[in-house]
Amino acid sequence: MKIGVFLLLAALLAGVDTAFAEEIPDAPDVQNNLNFVWTIVAASLVFFMQAGFTMVEVGFTRAKNASNIIMKNLMDFSIGALAFWAIGFGLMFGATNTGWFGTDGFFLSDFITDSDPWLYAFWMFQVVFCATAATIISGAVAERTRFIGYLLYTVVISAIVYPVFGSWAWGSLYHGQGWLEDLGFIDFAGSTVVHSVGGWAALAGAIVVGPRLGKFNSKGEPKPILGHNLPLAALGVMILWFGWYGFNAGSTTAGNSDIALIAVNTTLAAAAGAIFAMVTAWIFYGVPDVGISLNGALAGLVGITAGCANLAPVFAVITGAAAGIIVVISVAIVEKFKVDDPVGAVSVHGVCGAWGTLAAGLFNSGNLFSAKIIGVQLLGIAACFIWVFPTTYIAFKLIDKLVGLRASDEDQYNGLDFSEHGATAYPDFSVTMTH
Amino acid sequence: MKIGVFLLLAALLAGVDTAFAEEIPDAPDVQNNLNFVWTIVAASLVFFMQAGFTMVEVGFTRAKNASNIIMKNLMDFSIGALAFWAIGFGLMFGATNTGWFGTDGFFLSDFITDSDPWLYAFWMFQVVFCATAATIISGAVAERTRFIGYLLYTVVISAIVYPVFGSWAWGSLYHGQGWLEDLGFIDFAGSTVVHSVGGWAALAGAIVVGPRLGKFNSKGEPKPILGHNLPLAALGVMILWFGWYGFNAGSTTAGNSDIALIAVNTTLAAAAGAIFAMVTAWIFYGVPDVGISLNGALAGLVGITAGCANLAPVFAVITGAAAGIIVVISVAIVEKFKVDDPVGAVSVHGVCGAWGTLAAGLFNSGNLFSAKIIGVQLLGIAACFIWVFPTTYIAFKLIDKLVGLRASDEDQYNGLDFSEHGATAYPDFSVTMTH
Amino acid sequence: MKIGVFLLLAALLAGVDTAFAEEIPDAPDVQNNLNFVWTIVAASLVFFMQAGFTMVEVGFTRAKNASNIIMKNLMDFSIGALAFWAIGFGLMFGATNTGWFGTDGFFLSDFITDSDPWLYAFWMFQVVFCATAATIISGAVAERTRFIGYLLYTVVISAIVYPVFGSWAWGSLYHGQGWLEDLGFIDFAGSTVVHSVGGWAALAGAIVVGPRLGKFNSKGEPKPILGHNLPLAALGVMILWFGWYGFNAGSTTAGNSDIALIAVNTTLAAAAGAIFAMVTAWIFYGVPDVGISLNGALAGLVGITAGCANLAPVFAVITGAAAGIIVVISVAIVEKFKVDDPVGAVSVHGVCGAWGTLAAGLFNSGNLFSAKIIGVQLLGIAACFIWVFPTTYIAFKLIDKLVGLRASDEDQYNGLDFSEHGATAYPDFSVTMTH
């Protein structure tokens, strides 16, 4: 903290001059305005992904926990946004001497003295990214996690875990700097920075909180626990896909011609992911499974996120197709290890995020299969796991000690909607509670 | 009307020259084009809020009235758009000598002679605002209002009530002028102009139509009537939040750097509103209630709407947090007065709209707590109530005389879907009709 | 194919140069960037229409087929996107000597040598249009079509039927040319090119696959088969309306002032369509029917699509109102002919697409009721039917021979979710399966 309490307060209370001088704009001015418009539109699209995550998680879990899912998603954004405002943004993009994390800019304070409105546009785009990483965990720990524990966890990932790793890979986008980007790490829109961070935290959470009541029998054999509303899950996936155009193409944070290839790659990878996941499931399980196909589209989207700006379209197809296959295999393996991940978040975001980051190196335009690039990508993938998994594992363990993380068997049986919120999501329907 | 019937017809039938001269654009041309793009994108987002209102109202009411909710929302937009085209826009933005309402521009006619395509962009943005004010009433009078009465009411608010107040506060945005704005009234995106107008009309409607069958027992004690689909309500809130970026940031009707702070403030206020409503409910009622938390997000959004462009972010947090607390208290008070508002529209839009308008004065950048500004804000808040509540109260009373506003007890018991539309929203489900 | 296999591979593997020269942009550069931003935003909105179609079709059909509807919509986009990338785009916009279809540009290959990023933006906008045409069929053949047959059909329309007709009307938008546009055919955003193509293919599919089990009794009298979730259908319509602003206004593929009138016309036509369909149903059937009113809004949207850029607003109202009336009558007529179209796709997209194309000629700005223009419009409408209906009829017949198109009575009785996907969309609800 370079400034004292007085200056902090002054900055917080400072008037924001919104007077817009009505001068004749020149071309760079207009380009600057276009960058604002594009970034805010894209940030809005990424915000809307919160609705997508909520619908996916509601649809893929049981009716008796739907209200709890809603509250977790509403609150991980709301609490996360304030935590990122207060602490996270400064850690991620503040000035740093070490390259490990920023040390100023909390509450947007120091930055305000810049008088540069770009700060607000950039913060807006970053806060919805932080919220995406945070909300990924929600699905993996669904149906057996106490609400208060989840809220505490939200603060940890939004204020510390995500921003610190983010500063390594993206810090220089504002005032900061980062050791991973200095090495040449490629992760244009966050296969690793956002999705793997969320995925590995989801893995830690799912392990610490343990499987849902009844997920594994006394012999350790898994029992399928079906969701309750596939149309909402499908709607959620389509909202996510829609929002991903903001997520990937918006990561230019500039309105220019680069966004077109990014949108094309995003489309092709998602399509290939859906198709190849469906085909893989068809071969392995005998039917074109709906949930797997929907997750395949998400896998393709996560996969192309790192390389969307620097892959030729044919490689977007290959990256997405591979992600669609990988996600099916990964879901099976995660279950083999007796980790209960109700929506497949670890596989979709963690594993396919890692794959996408590798693919961005493998198929890098103009440097296909460069060993040096691939090495840096693998380093980044490893660094993410090494930072995120232990810290979030410890955080979940501490929260468990502090307030209790796992809902009792009775509460799980009755549903978290009842035990945590005194509510039911569908008071008017005859819902057959699946116990 | 300055022109005669002949000219009116000529204007209506006039060819619209869409030829686009392929000259080399200069920077002001491009800025102008950017303003069109931003305004149309933002208007589209605000249109999408109609889906949000529909889902919120469907989710928070009973299954037997879901089709009726859908029809009210579809038709208040559709009829409202034509009424605003024919009459409302002219009243709101037409030329005026008095400052009370405009007197030309009906059917977009006089304006067409301008040959300025900006008219269309501006109208597009305004029509979705008008529709927002109109649709707020829908939830407050849900589950016991006859469809035909609601349709007539839609014409009244879209053609007269909203445009007249709008002309006082925003008339100068096009050809008009308005006495409130001349005094310095601050309501950047419509906490009062849109949300309080809708909220006070909702209050009038809820009083005139009376409470739902069974809402209060013979001793006047309230009975909770639960909604039927919280996931759809949550989706609706998230759609509204998403659309609000168009609502607030789009109110620049210009693509420039001002939109960034607006988006940041919108985000922080909504987040704070959700959190503080949840905490307030947790303290008062013992559980983190889902419906209250969702309404808290909306309260924060309504609250920041007036001041989004001229508040420092820390005050957006305060404004939103206060709105989240206020909405919980207000909902309890409204019920104490035996007014039945199924979705809390009066509190969310009316009361928090008033609070937001006051907050825009209290925390005004560079003029914190200025008595003069606060005075004008209070005047605007009062003027809104004094204009809207009596006129809409009379309108509802007249409609009641004319066609009958309240559905019979039997029709309420069977559901308006059956009595008004010969339909059920879920023919295939075993819905336990809550009577 | 002008280039050999070697060049094709080279092009596919070519590095894409995304380096962005940080030069000072001039006004034409910025306008160019604005065109990219607008086109990608609009394309994203059109993509989101896929969610709209899915929700409409899910809502208007029975619960036992909801998963199948989801899979068809997910896959017609995914498979269609890859087919359009590989083949369709080249047929539609590739260079041509004949004016009948393009002969290069498959896999985006030849085009890449342009090094013009506009190719990507243009492809992105076109692929979501192709997907719109493809997905229209899904609803018309719902609840009795085998999944594998539908997938094959998706390839046919995305790779061949849609692109060939598209090349006639829109080929010159990129490298190609087309005989219909040479005659002066007006179809700005695709009333014929997209919606009638989809609608006539839907008609062919509905005829070949035959009516649903139980739709007509032994005397040939129709029996209503109700959908299962009107709120999702309503959400779908509102998503479609929202996306339509991208569909129509985005068809400028340039960020300029023309988009404002287009958005206004789109709004007015949709509103008028909803109102007039409701009134027509009220007169004919005695109630303001929900499904009909929702389809009325879509009919208005389809109707204004051809003429949205060159009609005065009053004619948008007339075009939409007429579409709202036409769709009610058309649905009744289609059923009279014993064609079973569960969602009314033939009427909404085929018939109202034809009406809209005619209306674009009738009310053409500056040339009201010109016989010459009307003649060309009628020729285009006829050409569409003559090309699409026979080719898709044959395609469905061939697919039927090849893999079997119609699900068995038993599978229809149990639901396609079970027979095709081994799933149920609502495992947790007591759904009363309507057989």
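Structure: above.
## Here's the deal with the overall build of chain A
When its secondary structure is counted, chain A shows 16 helices and zero strands. The globule rule puts the C-alpha radius of gyration for 435 residues at 22 Å, and the 21 Å found for chain A is close to it. Each principal axis of the C-alpha distribution contributes one length, and for chain A these read about 70 × 50 × 40 Å. Of all intrachain contacts in chain A linking residues separated by at least 6 positions in sequence, the fraction that spans at least 24 positions is 79%. When the accessible area of chain A is evaluated, it comes to approximately 12800 Å², of which 66% is carbon and sulfur surface. Averaged over its 16 positive side-chain charges, chain A has a centre that lies 19 Å from the centre of its 28 negative ones.

## What about the interface of chain B and chain C?
Between chain B and chain C, the residue contacts involve 64 residues of the former and 66 residues of the latter. Between chain B and chain C lies a buried interface of about 5300 Å² when both sides are counted; carbon and sulfur atoms form 81% of it. The tally of links between chain B and chain C comes to three residue pairs in polar contact (both at pLDDT 80 or more). Elements with a minimum of two residues in the side of chain B that touches chain C: helix 1 (5-13), helix 2 (27-60), helix 3 (66-93), helix 5 (118-140), helix 6 (147-170), helix 9 (230-249) and helix 16 (416-421) of chain B. Per element, the largest residue contribution to the side of chain B that touches chain C is 17 residues, and it comes from helix 2 of chain B. The residue makeup of the side of chain B that touches chain C, split by class, is 48 nonpolar, 13 polar and three charged.

## Focus: the interface of chain A and chain C
Counting residues at the interface gives 67 residues for chain A, matched by 64 residues for chain C. Carbon and sulfur atoms make up 81% of the area that chain A and chain C hide from each other, which totals about 5300 Å². Of all residues in chain A, Pro-231, Met-238 and Phe-242 of chain A give up the largest surface area on contact with chain C, accounting jointly for 12% of the area buried on that side. Counting across the interface, chain A meets chain C through three residue pairs in polar contact (both at pLDDT 80 or more). Among the elements of the structure, helix 2 (27-60), helix 9 (230-249), helix 10 (258-285), helix 11 (290-305) and helix 12 (313-336) of chain A are those that each provide at least two residues to the side of chain A that touches chain C. A total of 14 residues in the side of chain A that touches chain C trace back to one element, the largest contributor, which is helix 10 of chain A. When the residues that make up the side of chain A that touches chain C are grouped by side-chain class, the tally is 48 nonpolar, 15 polar and four charged.

## Here's the deal with the relation of the copies chain A and chain C
The transformation that overlays chain A on chain C combines an axial shift of 0.0 Å with a rotation of 120 degrees, and the residual RMSD is 0.0 Å. Read as a symmetry element, the transformation amounts to a three-fold axis. Measuring from the rotation axis to each C-alpha of chain A, the shortest distance belongs to Ala-27 of chain A, at 2.9 Å.

## Considering the relation of the copies chain B and chain C
The operation relating chain B to chain C is a screw motion whose rotation component is 120 degrees, with 0.0 Å of axial translation and a residual RMSD of 0.0 Å. When the interface residues of chain B are mapped onto chain C, a mere 19% of them are again interface residues, pointing to distinct binding faces.

## What about unusual backbone geometry?
For residues other than glycine, phi is negative in most cases, and the peptide bonds are mostly trans. Phi at Thr-253 of chain B is positive, roughly 40 degrees, even though this residue is not glycine. Structurally, Thr-253 of chain B is set in the loop between helix 9 and helix 10 (258-285). Judged by relative accessible area, which is 18%, Thr-253 of chain B ranks as buried. For Glu-143 of chain C, which is not a glycine, the phi torsion comes out positive at approximately 75 degrees. Position of Glu-143 of chain C relative to the elements: it lies in the loop between helix 5 (118-140) and helix 6 (147-170).

## Looking at the pattern of salt bridges
For the structure shown, the criterion picks out 15 salt bridges over all chains. In this structure, Glu-143 of chain B and Arg-62 of chain B form a salt bridge, with 3.0 Å as the shortest nitrogen-oxygen distance. With Glu-143 of chain B in the loop between helix 5 and helix 6 and Arg-62 of chain B in the loop between helix 2 and helix 3, this residue pair connects regions lying 81 residues apart in the sequence. The same class applies to Glu-143 of chain B and to Arg-62 of chain B, which are both buried. One salt-bridge network, in which partners are shared between bridges, spans Arg-62, Glu-143, Arg-212 and Asp-340 of chain A.

## Some thoughts on helix 5 (residues 118-140) of chain A
Taking 1.5 Å per residue, 23 residues should reach 33 Å; helix 5 of chain A reaches 35 Å between its end C-alpha atoms and fits that length. Judged by how many residues are buried, helix 5 of chain A sits mostly within the fold: 23 of 23 residues are covered.

## Some details on helix 8 (residues 191-209) of chain A
All names here are of chain A. For helix 8, which comprises 19 residues, the first-to-last C-alpha distance of 25 Å matches the rise-based estimate of 27 Å (1.5 Å per residue) to within 8%. The element helix 8 is largely enclosed, with a buried count of 18 among its 19 residues. Trailing helix 8 by a residue or two, Gly-210 shows a phi angle of about 80 degrees, which is positive.

## Some points on the side chain of Asp-104 of chain A
Looking at the element boundaries, Asp-104 of chain A is found in the loop between helix 3 (66-93) and helix 4 (109-112). Looking at Asp-104 of chain A, its side chain comes within polar contact range of the main-chain nitrogen of Ala-95 of chain A, at 2.9 Å.

## Describing the environment of Val-279 of chain B
Tracing the backbone shows Val-279 of chain B in helix 10. On a C-alpha basis, the gap between Val-279 of chain B and Tyr-150 of chain B in space is 36 Å, while along the polypeptide they are 129 residues apart.

## Notes on a nonpolar patch on the surface
Residue and element names in this part refer to chain A. Among the surface-exposed residues, Phe-276, Val-279, Ile-283, Phe-284, Tyr-285, Ile-325, Ile-329, Ile-333 and Phe-337 lie close enough to one another that they form a single nonpolar patch of about 880 Å² accessible area. For the nonpolar patch, the secondary-structure elements that each account for two or more residues are helix 10 and helix 12. For the nonpolar patch, the element with the highest residue contribution is helix 10, accounting for five residues. Note that Tyr-285 resides in helix 10.

## Concerning the environment of Phe-101 of chain B
All names here are of chain B. Take Phe-101: it is sitting in the loop between helix 3 and helix 4 (109-112). Expressed as a C-alpha distance, the spacing of Phe-101 and His-349, which sit 248 residues apart in the sequence, is 24 Å. Residue contacts for Phe-101: discarding those within four places in its chain leaves Leu-91, Thr-96, Val-164 and Ser-167.

## Re the state of the cysteines
Residue and element names in this part refer to chain B. Under the defined criterion, the tally for this structure stands at zero disulfides over all chains. Cys-130 provides the cysteine sulfur closest to Cys-384, a residue in no disulfide bond, and the two sulfurs are 14 Å apart. On the basis of relative accessibility, which here comes to 0%, the residue Cys-384 falls in the buried class.

## A closer look at the packing of helix 9 of chain A against helix 9 (residues 230-249) of chain C
The contact between helix 9 of chain A and helix 9 of chain C brings their axes to 13 Å, and the two run at 15 degrees. Overall, the two elements helix 9 of chain A and helix 9 of chain C adopt an arrangement that is roughly parallel. Two packed elements cross with a definite hand, and for helix 9 of chain A against helix 9 of chain C that hand is left-handed. Counted together, Pro-231, Leu-232, Leu-235 and Phe-242 of chain A of helix 9 of chain A and Leu-232, Leu-235, Ile-239 and Phe-242 of chain C of helix 9 of chain C form the full contact between these two elements. Partitioning the contact of helix 9 of chain A with helix 9 of chain C into residue classes produces eight nonpolar, no polar and no charged.

Calculation criteria
- All chains use their own residue numbering, which begins from 1 and follows the written sequence.
- A letter from A marks each chain and a number from 1 marks each ligand, given out in the order of writing.
- Selection of residues for local features in this predicted model requires a pLDDT of at least 70, selection of side-chain atom pairs for listing and counting requires 80 or more, and totals for whole chains, interfaces and linings are taken over all residues.
- By convention in this description, side-chain values take in all heavy atoms of the structure and omit both hydrogens and water.
- Helix and strand labels come from DSSP, where a helix needs a run of H or I of at least four residues and a strand needs a run of E of at least two; each type is numbered from the N terminus.
- Throughout, radius of gyration means the C-alpha value; the globule benchmark is 2.2 Å times the number of residues raised to the power 0.38.
- Residue contacts are counted whenever heavy atoms from the two residues lie within 4.5 Å of one another.
- All accessibility values rest on the Shrake-Rupley procedure with a 1.4 Å probe; residue burial counts only the protein chains present in the view.
- Charged residues are defined narrowly, with Lys and Arg counted positive, Asp and Glu counted negative, and His plus the chain ends left uncounted.
- A single reference atom marks each charge: NZ on Lys, CZ on Arg, CG on Asp, CD on Glu.
- Simply put, the buried area is the total loss of 1.4 Å probe accessible area from both parts when two parts are fitted together.
- Whenever two N or O atoms come within 3.5 Å, that pair is a polar contact, provided that in protein one can donate a hydrogen and the other can accept it, and provided that, for residues adjacent in sequence, both atoms are side-chain atoms.
- Nonpolar residues are Ala, Val, Leu, Ile, Met, Phe, Trp, Tyr, Cys and Pro. Charged residues are Asp, Glu, Lys and Arg, and all others, Gly as well, are polar.
- Least-squares fitting of one copy onto the other uses the C-alpha atoms of those residues that reach a pLDDT of at least 70 in both copies.
- Three exposure classes are used, based on accessible area relative to the maximum for each residue type with a 1.4 Å probe and protein chains only: buried under 20%, partly exposed in between, and exposed over 50%.
- Salt bridges are counted wherever a side-chain nitrogen of Lys or Arg sits within 4 Å of a carboxyl oxygen of Asp or Glu.
- Each residue after the first adds 1.5 Å to the expected span of a helix.
- Patch definition: residues above 30% relative accessible area lacking any salt bridge, with like charges linked at up to 9 Å and the nonpolar side chains Val, Leu, Ile, Met, Phe, Trp and Tyr linked at up to 5 Å.
- The criterion for a disulfide is a pair of cysteine sulfur atoms lying within 2.5 Å.
- Simply put, an axis is a line fit to the C-alpha atoms, just over the touching stretch for a helix, and the angle between two N-to-C directions goes from 0 to 180 degrees.
- Orientation labels follow simple angle bins: below 35 degrees gives roughly parallel, above 145 gives roughly antiparallel, 65 to 115 gives roughly perpendicular, and whatever is left gives oblique.
- Crossings are assigned a handedness: left-handed for a near helix turned anticlockwise from the far helix by less than a right angle, right-handed for a clockwise turn.

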